[in-house]
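# Coordinates in review
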Amino acid sequence: MGEMTFALCFCNRGFMPGELIYGAREDMIRAVTDAGYHYIAMDAELTRYGGVETRDEGRLYAKWLKEHEGQYDGVIFSMPIFADENGAVTALQDAGVPILLQAYPDEIGKMDFAHRRDAFCGKFSVTDVFTQYQIPFTVLKPHVVHPLSEKFRENLRDFAAVCRVVNGMKRFTIGCIGARTTAFKTTRFDEAGLQKHGITVEAFDLSELIYNVGQLADDNPEVQTKLQTLEQYADFSGVPESSQRTLAKISVVIDAYIREYHLDAVALRCWNEMETILRVCPCVLLSELNDRGIVASCEIDLTSAISMRAMALASGQPTAVLDWNNNYGDEENKVILFHCGSTAQQLMTGKGTVTEHKMFAKNDPGSGWGTNEGRIRPMKTTLSNCLTVDGKVVIYASEAEFTDDPIETGYFGCAGVCEIPDMENKMIRLARGGFKHHTCVGVGHMKEILKEAFVTYLGYEWRDIDRE
């Protein structure tokens, strides 16, 4: 996930016991470092008690933040006592990153004037005025929390995830390799609308990829290295050598696009020219990309790559795009989620087996080598996907769990049984919402993290499929 750094800011208010701010600074530094994060903090000697109260102190802190721009992922605004809203606004209105508001609890037995904090009330003073100024902020449960408590450690973990999503999604680039898969109008997207949200689409013609593959010699060093990588990644024992070489060349060409255009994610037109012209199916290549942290979506499902990237940032682990594919017998809350093999190995029960795509082999034997067969491992998961509507990104997320329920051995591809509470009602809401036949999955439950990032900071439109 990389190292994260938080800028610390502390409030003050004239008639409150300002001495408490010194203890808060020590608490917060310890909380952040014990949780494995880094911090930066303005010199405590520059303001009264090291807090921000007046407009001048707010200006001083804002100037300090500006000088350290790019060195912090989020701001933690700590309220050990009732905050002065004017200093807070002046200090943080141009922070440009997520802001976590933390307020100290009062303690029974320490409610005299020398010790009473009133931060429970003061937190509303800040949230009210931040709302008036349209300064986005994050508030988590409980309303007041001590920095050295286990609950704040959880808050910090969730806030770090929000920061990763927001900062990683604010501006990024997706490579669209090939035209929209002809048979799927479901994967249409609004390129100009995405740009309004900082998402740049770089489009490449598939004919160029096919030409570049043809220019690579079998003994090319990059091709040879890639062959070794792929052989270590999955079981290629049944794959013809010529097909394996072609897959390696395609992977080299895709890597070149990623390097040259600084792509953060890719969406690939994976059928049917790959099969009819190059005689391979690129599923295992997308699996390997996802496994090494580069979001890769198949069937030019570019909006799925958006959800996949967000969940990868939140969890620090690979994600996958899957079909809502099969009911699981008569189980109302279980579904088989499947794709031909683009799922990262880290999400599978073990190393995949590279096979020939049965759907292509049916009519054109030898044309579909490259599917990566296996099973998705049991785990808690989050489901999410999005679409573009009138310049907006509309998104949902819901929580579920992959089970260890068996899927018969004759079932083709990479799949898992997913148990989704109240699934039938959610299917109706997805259908009514115009969402596609794909959903994206990530590791762990992260709905609230995604919602906070999407709604509070990124300006996406949220659709709650968990309830009407």
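Shown above is the structure to which this text applies.
Residues numbered from 1 in each chain as written. Predicted model: local features only at pLDDT ≥ 70, side-chain atom pairs only at ≥ 80, totals over all residues. Heavy atoms only, no water.

### What about the overall build of the protein?
Scanning the protein from N- to C-terminus turns up 15 helices and 17 strands. Counting only C-alpha atoms, the protein reaches 85 × 50 × 40 Å along its principal axes. Put simply, the protein has 468 residues, and 57% of those count as buried. Contacts spanning at least 24 positions in sequence make up 77% of the contacts within the protein whose residues lie at least 6 apart. For the protein, the exposed area adds up to about 20,200 Å²; of that, 48% sits on carbon and sulfur atoms. For the protein, the distance from the average position of its 47 positive side-chain charges to the average position of its 66 negative side-chain charges is 3 Å. (Helix = DSSP H or I, 4+ residues; strand = E, 2+ residues; numbered from the N terminus. Buried < 20%, exposed > 50% of the residue type's maximum accessible area, 1.4 Å probe, protein only. Contact = heavy atoms within 4.5 Å. Areas by Shrake-Rupley, 256 points an atom, 1.4 Å probe, with all protein chains shown as cover. Lys, Arg positive; Asp, Glu negative; His and termini not counted. Charge placed at Lys NZ, Arg CZ, Asp CG, Glu CD.)

### A few points about the packing of helix H3 (residues 85-92) against helix H4 (residues 119-132)
At a closest axis distance of 9 Å, the pairing of H3 and H4 adopts a crossing angle of 50 degrees. With respect to H4, the axis of H3 lies oblique. Considering the relative orientation of H3 and H4, their crossing is right-handed. For the pair H3 and H4, the contacting residues are Glu85, Ala88, Val89 and Leu92 in the first and Ser125, Val129 and Phe130 in the second. Of the residues that constitute the contact of H3 with H4, the class distribution is five nonpolar, one polar and one charged. (Axes fitted to C-alpha atoms, helices over the stretch in contact; angles between N-to-C directions. Parallel < 35°, antiparallel > 145°, perpendicular 65-115°, else oblique. Left-handed = near helix turned anticlockwise from the far one by under 90°. Nonpolar A, V, L, I, M, F, W, Y, C, P; charged D, E, K, R; others polar.)

### Details of unusual backbone geometry
Across the junction of Lys141 and Pro142, the peptide omega takes the value -5 degrees, indicating a cis bond. Inspection of the secondary structure puts Pro142 in the loop between H4 and helix H5 (150-169). The step from Trp271 to Asn272 runs through a cis peptide bond, and the omega angle for that step is 5 degrees. Mapping Asn272 onto the fold places it in the loop between strand E7 (265-268) and helix H10 (273-278). The phi dihedral of Ile300 is positive, around 50 degrees, even though this residue is not glycine. Residue placement: Ile300 occurs in the loop between strand E8 (295-297) and helix H12 (302-315).

### What about the environment of Val280?
Within the secondary structure, Val280 is located in the loop between H10 and helix H11 (283-291). Each C-alpha atom, one on Val280 and one on Val75, is 49 Å from the other, the two residues being 205 residues apart in sequence. Ignoring any residue separated from it by four or fewer positions in sequence, one finds Val280 in contact with Ser243, Thr246, Leu247, Ile250, Met274, Glu275, Ser367, Gly368 and Trp369.

### Some thoughts on empty space enclosed by the protein
Using the criterion set out here, one finds three cavities of 30 Å³ or more in the structure. In this structure, the largest cavity encloses a volume near 60 Å³. The class makeup of the residues in the lining of the largest cavity is six nonpolar, three polar and two charged. (1 Å grid on protein atoms, 1.4 Å probe; cavity = no way out; pocket = protein on both sides within 12 Å on 5 of 7 lines; lining within 4 Å. Points joined across faces, edges and corners; volume = space filled by probe spheres on them.)

### Some words on H3
Of all eight residues that make up H3, six are buried, and the element is covered over most of its length. Residues of H3 that are buried: Gly87, Ala88, Val89, Thr90, Ala91 and Leu92. Buried residues along H3 sit in contact with helix H2 (55-67), strand E3 (74-79), strand E4 (99-103) and H4. Of the residues flanking the start of H3, the one acting as N-cap is Asp84, its side-chain oxygen 2.9 Å from the backbone nitrogen of Asn86. (Polar contact = N/O pair within 3.5 Å; in protein donor to acceptor, adjacent residues only side chain to side chain.)

### Focus: the layout of surface pockets
Counted as a void, the largest pocket has a volume near 650 Å³. Considering the residues around the largest pocket, the lining is formed by 27 residues, among which Asp158, His445, Met446, Glu448 and Ile449 are closest to the centre. Of all the elements in the fold, those that place two or more residues in the lining of the largest pocket are H5, H12 and helix H15 (447-458). Among the residues forming the lining of the largest pocket, the class breakdown is ten nonpolar, six polar and eleven charged.

### Structural notes on the pattern of salt bridges
Where charged atoms of side chains with opposite charge meet at close range, the side chains can pair. Scanning the model with the defined rule gives 26 salt bridges in all. Notably, a salt bridge pairs Asp118 with Arg116, separated by 2.8 Å at the nearest N-O pair. Between Asp405 and Lys334 there is a salt bridge whose closest N-O contact spans 2.7 Å. With Asp405 in the loop between strand E14 (392-402) and strand E15 (414-419) and Lys334 in strand E10 (residues 334-339), the pair connects residues that are 71 residues apart, well separated along the chain. Counted as one network, the salt bridges with shared partners bring together Lys426, Lys447, Asp464, Asp466 and Arg467. (Salt bridge = Lys/Arg side-chain N within 4 Å of Asp/Glu carboxyl O.)

### Description of H15
Among the residues of H15, Lys447, Ile449, Leu450, Glu452, Ala453, Phe454, Tyr457 and Leu458 are the ones counted as buried. Along its buried surface, H15 packs onto E4, H5, H12, strand E13 (379-389), E14 and strand E17 (461-462). Immediately beyond the C-terminal end of H15, within one or two residues, lies Gly459, with a positive phi of roughly 75 degrees.

### Considering the sheet that holds strand E6 (residues 199-204)
Across the sheet, which stays open at both edges, the four strands sit in the order E6-E5-E7-E8 with parallel pairing between neighbours. The sheet is open, and its two edges are formed by E6 and E8, each paired on a single side. On average, adjacent strands in this sheet sit at an angle of 20 degrees to one another, irrespective of strand direction. Summarising the sheet, E7 and E8 pair through three bridges and their orientation is parallel. Each bridged residue has a counterpart across the sheet, and for Val266 the counterpart in E8 is Ala296. Relative to the sheet, helix H9 (residues 241-261) contacts strand E5 (172-177), E6 and E7, its axis offset from that of E5 by approximately 145 degrees. (Pairing = 2+ DSSP bridges.)

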